[in-house]
Amino acid sequence: MKRLGKTIFLVICAAAIAVLMSATALAADDSELKVLELVNAERSAYGLEPLTWSNDAYAAAQIRANEVLQSFSHTRPNGGQFSSVFSEVGLKYAFAAENIAYGYTSPEAVVKAWMDSPGHRANILSERVKYIGIARASGSGYSPSWVQEFFTPSGAYTPSESPTTDKPATATVPETPVKPVTPITPETPITPVTPSAPAQPT
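Residues numbered from 1 in each chain as written. Predicted model: local features only at pLDDT ≥ 70, side-chain atom pairs only at ≥ 80, totals over all residues. Heavy atoms only, no water.

(A) Spotlight on the overall build of the protein. Scanning the protein from N- to C-terminus turns up six helices and four strands. The order of α-helices and β-strands along the protein, N terminus first, is α-α-β-α-α-β-α-α-β-β. The burial tally for the protein puts 42% of its 202 residues in the buried class. Pairs at least 24 residues apart make up 78% of the contacts formed inside the protein by residues separated by at least 6 positions. When the accessible surface of the protein is summed, it comes to about 10,800 Å², and 58% of that surface belongs to carbon and sulfur atoms. (Helix = DSSP H or I, 4+ residues; strand = E, 2+ residues; numbered from the N terminus. Buried < 20%, exposed > 50% of the residue type's maximum accessible area, 1.4 Å probe, protein only. Contact = heavy atoms within 4.5 Å. Areas by Shrake-Rupley, 256 points an atom, 1.4 Å probe, with all protein chains shown as cover.)

(B) Structural view of the nonpolar core. One finds Val35, Val110, Trp114, Ile124 and Phe150 to be the most contacted residues of the largest nonpolar core, which totals 34 residues. Looking at this core, the elements that each hand over two or more residues are helix 2 (30-45), helix 3 (55-70), strand 2 (93-102), helix 5 (107-115), strand 3 (131-137) and strand 4 (145-153). Not counting the four nearest positions on each side in its chain, isoleucine 124 is found in contact with Val39, Arg43, Asn99, Trp114, Met115, Gln148 and Phe150. One finds Val85, Phe86, Tyr131 and Tyr157 within the second-largest nonpolar core, a separate group that totals 10 residues. (Core = buried A, V, L, I, M, F, W, Y, C linked by side-chain atoms within 4.5 Å.)

(C) The arrangement of the pattern of salt bridges in detail. In this structure the tally under the stated criterion is six salt bridges. A salt bridge links arginine 64 to glutamate 67; the shortest N-O distance between them is 2.8 Å. Highlighted residues: arginine 64 and glutamate 67, both in helix 3, separated by three residues, approximately one helical turn. Neither residue differs from the other here; arginine 64 and glutamate 67 are each classed as buried. Notably, a salt bridge pairs aspartate 116 with lysine 112, separated by 2.7 Å at the nearest N-O pair. Judged by its relative accessible area of 53%, lysine 112 is exposed. (Salt bridge = Lys/Arg side-chain N within 4 Å of Asp/Glu carboxyl O.)

(D) Broad picture of helix 5. Taken together, the buried positions of helix 5 are occupied by Pro107, Val110, Val111, Ala113, Trp114 and Met115. Tucked inside the fold, the buried residues of helix 5 contact helix 2, strand 2, helix 6 (118-124) and strand 4.

(E) Expanded view of the packing of aromatic side chains. Inspection of every chain in the model, using the stated rule, returns nine aromatic pairs. Consider the rings of phenylalanine 86 and phenylalanine 151, whose centres lie 5.8 Å apart with planes at 50 degrees: the pair is tilted. In this pair, phenylalanine 86 sits in helix 4 (residues 84-88) while phenylalanine 151 sits in strand 4, placing the two residues 65 residues apart along the sequence. With respect to burial, phenylalanine 86 and phenylalanine 151 carry one shared label: buried. (Phe/Tyr/Trp six-rings, centres within 6.5 Å; stacked < 30°, edge-to-face > 60°.)

(F) Seen up close, the pairing of strand 4. For strand 4, a buried count of nine out of nine residues is recorded, marking the element as mostly surrounded by other parts of the structure. Going residue by residue along strand 4, you find Ser145, Val147, Glu149, Phe151 and Pro153 tucked away on one face and Trp146, Gln148, Phe150 and Thr152 tucked away on the opposite face as well. Bridge analysis of strand 2 against strand 4 gives nine bridges, and the strand direction is antiparallel. Along strand 4, the bridge assignment pairs asparagine 99 with glutamine 148. Sheet analysis places strand 3 next to strand 4, joined by seven bridges and oriented antiparallel. (Pairing = 2+ DSSP bridges.)

Taken by themselves, the reported measurements are silent on function.
Here you go:
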(Lines give C-alpha, C1' and ligand atoms only; values in the text may rest on other atoms or scores of the structure.)
Protein backbone atom coordinates (compact mmCIF):
# COMPACT_ATOMS: atom_id res chain seq x y z
CA MET A 1 0.00 0.00 0.00
CA LYS A 2 2.85 2.36 0.87
CA ARG A 3 4.51 1.54 -2.44
CA LEU A 4 1.28 2.34 -4.34
CA GLY A 5 0.94 5.65 -2.48
CA LYS A 6 4.54 6.55 -3.29
CA THR A 7 3.98 5.68 -6.98
CA ILE A 8 0.84 7.83 -7.16
CA PHE A 9 2.72 10.70 -5.49
CA LEU A 10 5.57 10.46 -8.03
CA VAL A 11 3.12 10.40 -10.96
CA ILE A 12 1.35 13.48 -9.62
CA CYS A 13 4.68 15.28 -9.15
CA ALA A 14 5.80 14.37 -12.67
CA ALA A 15 2.50 15.63 -14.12
CA ALA A 16 2.79 18.88 -12.18
CA ILE A 17 6.34 19.43 -13.44
CA ALA A 18 5.23 18.77 -17.02
CA VAL A 19 2.40 21.30 -16.71
CA LEU A 20 4.76 23.90 -15.25
CA MET A 21 7.30 23.32 -18.03
CA SER A 22 4.58 23.64 -20.66
CA ALA A 23 3.30 26.89 -19.14
CA THR A 24 6.83 28.28 -18.96
CA ALA A 25 7.46 27.47 -22.62
CA LEU A 26 4.39 29.49 -23.63
CA ALA A 27 4.89 32.41 -21.26
CA ALA A 28 6.44 35.53 -22.72
CA ASP A 29 8.98 37.35 -20.62
CA ASP A 30 8.51 40.84 -19.18
CA SER A 31 10.32 42.60 -22.03
CA GLU A 32 8.12 40.94 -24.66
CA LEU A 33 4.98 41.78 -22.70
CA LYS A 34 6.18 45.37 -22.33
CA VAL A 35 6.47 45.62 -26.13
CA LEU A 36 2.87 44.41 -26.39
CA GLU A 37 1.81 47.03 -23.86
CA LEU A 38 3.65 49.80 -25.73
CA VAL A 39 2.26 48.69 -29.10
CA ASN A 40 -1.30 48.70 -27.81
CA ALA A 41 -0.78 52.09 -26.20
CA GLU A 42 0.37 53.45 -29.57
CA ARG A 43 -2.65 51.92 -31.27
CA SER A 44 -4.94 53.39 -28.63
CA ALA A 45 -3.49 56.84 -29.29
CA TYR A 46 -4.57 56.46 -32.93
CA GLY A 47 -8.03 55.20 -32.01
CA LEU A 48 -7.26 51.63 -33.07
CA GLU A 49 -8.30 48.40 -31.38
CA PRO A 50 -5.60 46.67 -29.32
CA LEU A 51 -3.87 43.64 -30.77
CA THR A 52 -4.58 40.31 -29.11
CA TRP A 53 -1.69 38.14 -27.97
CA SER A 54 -1.45 34.79 -29.74
CA ASN A 55 0.75 32.02 -28.39
CA ASP A 56 0.83 30.61 -31.93
CA ALA A 57 2.25 33.88 -33.26
CA TYR A 58 4.58 33.95 -30.25
CA ALA A 59 5.91 30.52 -31.25
CA ALA A 60 6.44 31.86 -34.79
CA ALA A 61 8.20 34.95 -33.41
CA GLN A 62 10.48 32.77 -31.26
CA ILE A 63 11.54 30.80 -34.33
CA ARG A 64 12.19 33.98 -36.29
CA ALA A 65 14.02 35.73 -33.42
CA ASN A 66 16.52 32.88 -33.33
CA GLU A 67 16.88 32.99 -37.11
CA VAL A 68 17.37 36.78 -37.05
CA LEU A 69 20.27 36.36 -34.63
CA GLN A 70 22.17 34.74 -37.50
CA SER A 71 20.58 36.35 -40.56
CA PHE A 72 19.17 39.84 -40.14
CA SER A 73 16.61 39.69 -42.91
CA HIS A 74 12.92 39.08 -43.60
CA THR A 75 14.12 36.26 -45.84
CA ARG A 76 14.59 33.13 -43.79
CA PRO A 77 17.87 31.18 -43.71
CA ASN A 78 16.27 28.54 -45.94
CA GLY A 79 15.45 31.21 -48.55
CA GLY A 80 11.73 31.35 -47.77
CA GLN A 81 9.68 34.42 -46.93
CA PHE A 82 9.16 35.30 -43.27
CA SER A 83 5.49 34.33 -43.54
CA SER A 84 6.36 30.67 -44.13
CA VAL A 85 6.93 30.41 -40.38
CA PHE A 86 3.17 30.67 -39.81
CA SER A 87 2.52 27.31 -41.46
CA GLU A 88 5.18 25.77 -39.21
CA VAL A 89 3.10 26.68 -36.15
CA GLY A 90 -0.21 25.70 -37.76
CA LEU A 91 -1.53 29.17 -38.62
CA LYS A 92 -3.43 30.10 -41.77
CA TYR A 93 -3.48 33.82 -42.40
CA ALA A 94 -5.29 36.30 -44.62
CA PHE A 95 -2.76 39.00 -43.75
CA ALA A 96 0.70 38.78 -42.20
CA ALA A 97 3.49 41.21 -41.46
CA GLU A 98 6.75 41.18 -39.57
CA ASN A 99 8.93 43.73 -37.79
CA ILE A 100 12.50 42.89 -36.85
CA ALA A 101 15.23 44.80 -35.07
CA TYR A 102 18.42 44.14 -33.16
CA GLY A 103 20.75 45.78 -30.69
CA TYR A 104 18.11 47.56 -28.62
CA THR A 105 18.38 46.89 -24.90
CA SER A 106 14.88 47.91 -23.82
CA PRO A 107 11.30 47.52 -25.06
CA GLU A 108 10.91 51.31 -25.10
CA ALA A 109 13.93 51.75 -27.36
CA VAL A 110 12.91 49.12 -29.90
CA VAL A 111 9.29 50.30 -30.09
CA LYS A 112 10.46 53.90 -30.56
CA ALA A 113 12.73 52.77 -33.40
CA TRP A 114 9.88 50.91 -35.06
CA MET A 115 7.52 53.86 -34.63
CA ASP A 116 10.12 56.19 -36.15
CA SER A 117 10.28 53.99 -39.27
CA PRO A 118 7.31 54.44 -41.67
CA GLY A 119 7.14 50.79 -42.76
CA HIS A 120 7.39 49.38 -39.26
CA ARG A 121 4.94 51.94 -37.89
CA ALA A 122 2.52 50.94 -40.63
CA ASN A 123 2.56 47.36 -39.38
CA ILE A 124 2.04 48.40 -35.76
CA LEU A 125 -0.85 50.70 -36.70
CA SER A 126 -2.43 48.52 -39.36
CA GLU A 127 -6.19 48.14 -39.14
CA ARG A 128 -5.85 44.82 -40.96
CA VAL A 129 -3.95 43.19 -38.10
CA LYS A 130 -5.76 41.39 -35.26
CA TYR A 131 -3.16 39.23 -33.50
CA ILE A 132 0.49 39.54 -32.50
CA GLY A 133 3.34 37.51 -31.10
CA ILE A 134 6.57 39.12 -29.91
CA ALA A 135 9.89 37.45 -29.14
CA ARG A 136 13.36 38.52 -28.11
CA ALA A 137 16.48 36.37 -28.45
CA SER A 138 20.04 36.85 -27.26
CA GLY A 139 23.22 35.16 -28.33
CA SER A 140 25.97 35.55 -30.87
CA GLY A 141 25.27 37.57 -33.99
CA TYR A 142 22.58 40.25 -34.26
CA SER A 143 21.78 40.41 -30.57
CA PRO A 144 19.47 40.99 -28.94
CA SER A 145 17.07 40.34 -31.78
CA TRP A 146 13.45 41.48 -31.56
CA VAL A 147 10.63 40.13 -33.72
CA GLN A 148 6.96 41.03 -34.02
CA GLU A 149 4.76 38.66 -35.99
CA PHE A 150 1.38 40.16 -36.94
CA PHE A 151 -1.46 38.30 -38.58
CA THR A 152 -5.14 38.13 -39.29
CA PRO A 153 -6.47 34.57 -39.67
CA SER A 154 -8.02 33.35 -42.90
CA GLY A 155 -10.81 31.56 -41.03
CA ALA A 156 -12.11 30.94 -37.54
CA TYR A 157 -9.39 31.28 -34.93
CA THR A 158 -9.37 31.11 -31.16
CA PRO A 159 -6.04 32.24 -29.72
CA SER A 160 -4.54 30.37 -26.80
CA GLU A 161 -3.57 33.41 -24.80
CA SER A 162 -0.78 33.37 -22.26
CA PRO A 163 -2.13 33.99 -18.76
CA THR A 164 0.64 36.51 -18.23
CA THR A 165 -0.38 38.83 -21.06
CA ASP A 166 -3.45 40.46 -19.54
CA LYS A 167 -1.59 43.49 -18.20
CA PRO A 168 -3.26 46.83 -18.99
CA ALA A 169 -1.63 49.19 -21.45
CA THR A 170 -0.15 51.97 -19.35
CA ALA A 171 2.64 53.22 -21.58
CA THR A 172 3.13 56.91 -22.25
CA VAL A 173 2.31 57.85 -25.84
CA PRO A 174 2.75 61.07 -27.83
CA GLU A 175 0.03 63.66 -27.23
CA THR A 176 -0.18 64.61 -30.91
CA PRO A 177 0.34 61.45 -32.96
CA VAL A 178 0.81 61.70 -36.68
CA LYS A 179 -1.69 60.19 -39.07
CA PRO A 180 -1.06 56.46 -39.61
CA VAL A 181 0.58 55.55 -42.89
CA THR A 182 -0.85 53.02 -45.31
CA PRO A 183 0.09 49.48 -44.19
CA ILE A 184 2.40 47.46 -46.38
CA THR A 185 0.96 44.47 -48.17
CA PRO A 186 1.67 40.90 -47.09
CA GLU A 187 4.87 39.31 -48.36
CA THR A 188 6.47 42.75 -48.90
CA PRO A 189 9.68 42.88 -46.86
CA ILE A 190 10.56 46.19 -45.27
CA THR A 191 13.97 47.50 -44.39
CA PRO A 192 14.98 46.13 -40.99
CA VAL A 193 15.61 48.57 -38.17
CA THR A 194 19.20 48.75 -36.93
CA PRO A 195 20.29 50.74 -33.92
CA SER A 196 22.11 54.02 -34.40
CA ALA A 197 25.87 53.82 -34.16
CA PRO A 198 27.12 54.95 -30.75
CA ALA A 199 28.91 58.28 -30.56
CA GLN A 200 32.67 57.98 -30.75
CA PRO A 201 34.55 59.08 -27.64
CA THR A 202 36.29 62.43 -27.97
